[in-house]
Amino acid sequence: MIVIGVLIALWVDNLNSERQDRLQEQAYLLGIVEDLQGDSSALAERRATAIRGLEVADLLLALREDASSSASADSLAVWLFRAAFVDNFQVLDHTYREILGAGGLTLIRDEPLRRSISAYYRSIESAEFFTEYYKGEESDYWDLLAERLDPADFAALTRVDEGPGRLDVGRLLGQLRGDNEIVNAILMNRHWTQLRLEITDRRIAANASLTGQLRTHLADRGAL
């Protein structure tokens with residue numbers, strides 16, 4: 001009787017432990033879904049920023065090609081200001097790190113889902129290496145403008161949020177059309193912006209795929 005009682009107690013304890021694990025697993029998965037929603041919004045903003053960067057680069061290059069075209073001081077200042085703008089994307093991985101700190105992804109029983117979660121966060125972390133490189137390119141672009149432009153025009157560009165200031169449109173257009181170094185910098189920035197857009201699109205697709213997997217998994221278990 002004592003042995004039977006001990007076995008029953010162990011069985012009940014295991015059931016309770018399993019139930020707690022499943023509740024914790026569900027809480028973690030819901031937390032990841034919430035984090036992914038935040039990532040989705042941030043990625044959409046990054047995509048919009050990249051598209052704007054491509055647009056302004058094309059506008060600047062068009063000004064160089066067509067000697068009869070012009071632009072307002074406001075427009076030209078904004079275009080040059082945005083031609084190398086790099087926004088930071090910080091993945092929301094609070095829940096993922098909490099899971100790792102609690103013992104790892106083994107708590108998530110669905111192996112394909114576990115692999116998808118791990119792959120998503122690994123790919124995000126590895127790709128963020130390039131953000132620092134892009135930031136270096138942005139810094140080089142501004143150093144070049146500071147070196148090549150008239151000091152008054154450069155000062156006006158750095159205060160773009162306050163208006164064009166003393167920006168000399170004619171002088172700046174002449175510089176744009178005659179200075180190959182500035183044009184090459186704009187072309188290089190356009191190349192990296194296009195690459196950032198492609199990477200962002202892949203991240204958006206990965207985010208949507210993982211979100212769909214999680215929602216299906218949770219819905220099947222009545223958690224959504």
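Look above for the structure.
The structure contained in this document is the topic of the report that follows. The structure displayed is predicted, hence computed values, not measured ones. (Residues numbered from 1 in each chain as written. Predicted model: local features only at pLDDT ≥ 70, side-chain atom pairs only at ≥ 80, totals over all residues. Heavy atoms only, no water.)

1. Looking at the overall build of the chain
Then, in step 1: For the chain, the helix and strand inventory stands at eight helices and zero strands.
Then, in step 2: For the chain, the sequential pattern of α-helices and β-strands runs α-α-α-α-α-α-α-α.
Then, in step 3: Here the chain holds 224 residues, and the buried ones make up 41% of them. (Helix = DSSP H or I, 4+ residues; strand = E, 2+ residues; numbered from the N terminus. Buried < 20%, exposed > 50% of the residue type's maximum accessible area, 1.4 Å probe, protein only.)

2. Details of the nonpolar core
Then, in step 1: Judged by nonpolar contacts, the single largest core of 30 residues is most densely connected at Leu-60, Leu-76, Tyr-141 and Ile-186.
Then, in step 2: Within the residue set of this core, elements represented by two or more residues are helix H1 (2-65), helix H2 (73-82), helix H5 (129-148), helix H6 (151-158), helix H7 (169-178) and helix H8 (180-220).
Then, in step 3: Within the second largest apolar cluster, 21 residues are counted, among which are Ile-32, Leu-43, Leu-210 and Leu-214. (Core = buried A, V, L, I, M, F, W, Y, C linked by side-chain atoms within 4.5 Å.)

3. A few points about the side chain of Asp-39
Then, in step 1: Mapped onto the elements, Asp-39 comes out in helix H1.
Then, in step 2: Here Asp-39 occupies a buried position and makes no salt bridge, while the nearest side chain of opposite charge, Arg-203, is found at 9.3 Å.
Then, in step 3: Discounting residues that sit within four places of it in the chain, Asp-39 has contacts with Phe-89, Gln-90, Val-91, Leu-92, Tyr-120 and Asn-207. (Lys, Arg positive; Asp, Glu negative; His and termini not counted. Salt bridge = Lys/Arg side-chain N within 4 Å of Asp/Glu carboxyl O. Contact = heavy atoms within 4.5 Å.)

4. What to know about the packing of aromatic side chains
Then, in step 1: In the structure shown here, the tally under the stated rule is five aromatic pairs.
Then, in step 2: Seen from their ring centres, Phe-81 and Trp-142 are 5.8 Å apart, and the 65 degrees between their planes marks the pair as edge-to-face. Here Phe-81 is found in helix H2, whereas its partner Trp-142 is found in helix H5, with 61 residues between them in sequence.
Then, in step 3: Relative accessible area serves as the criterion here: at 28%, Phe-81 is assigned to the partly exposed category.
Then, in step 4: With relative accessibility at 15%, the residue Trp-142 sits in the buried group. (Phe/Tyr/Trp six-rings, centres within 6.5 Å; stacked < 30°, edge-to-face > 60°.)

5. Structural notes on the pattern of salt bridges
Then, in step 1: Going through the model one piece at a time under the given rule, you end up with eleven salt bridges.
Then, in step 2: In this structure, Asp-201 engages Arg-47 in a salt bridge whose closest nitrogen and oxygen atoms are separated by 2.6 Å. Remark: Arg-47 occurs in helix H1 and Asp-201 occurs in helix H8; sequence separation between them is 154 residues.
Then, in step 3: On the basis of relative accessibility, which here comes to 32%, the residue Arg-47 falls in the partly exposed class.
Then, in step 4: Through salt bridges with shared partners, a single ionic network connects Asp-150, Asp-153, Asp-168 and Arg-171.

6. A look at helix H3 (residues 94-101)
Then, in step 1: For H3, every residue scored as buried is listed here: Thr-95, Tyr-96 and Ile-99. Down the axis of H3, the buried set is contained in an arc of 100 degrees. They therefore lie on one face. Of the exposed residues in H3, those oriented more than 90 degrees away from the buried face are His-94 and Gly-101.
Then, in step 2: Of the residues trailing H3, Gly-103 is marked for its positive phi of about 130 degrees. (Arc of directions from axis to C-beta.)

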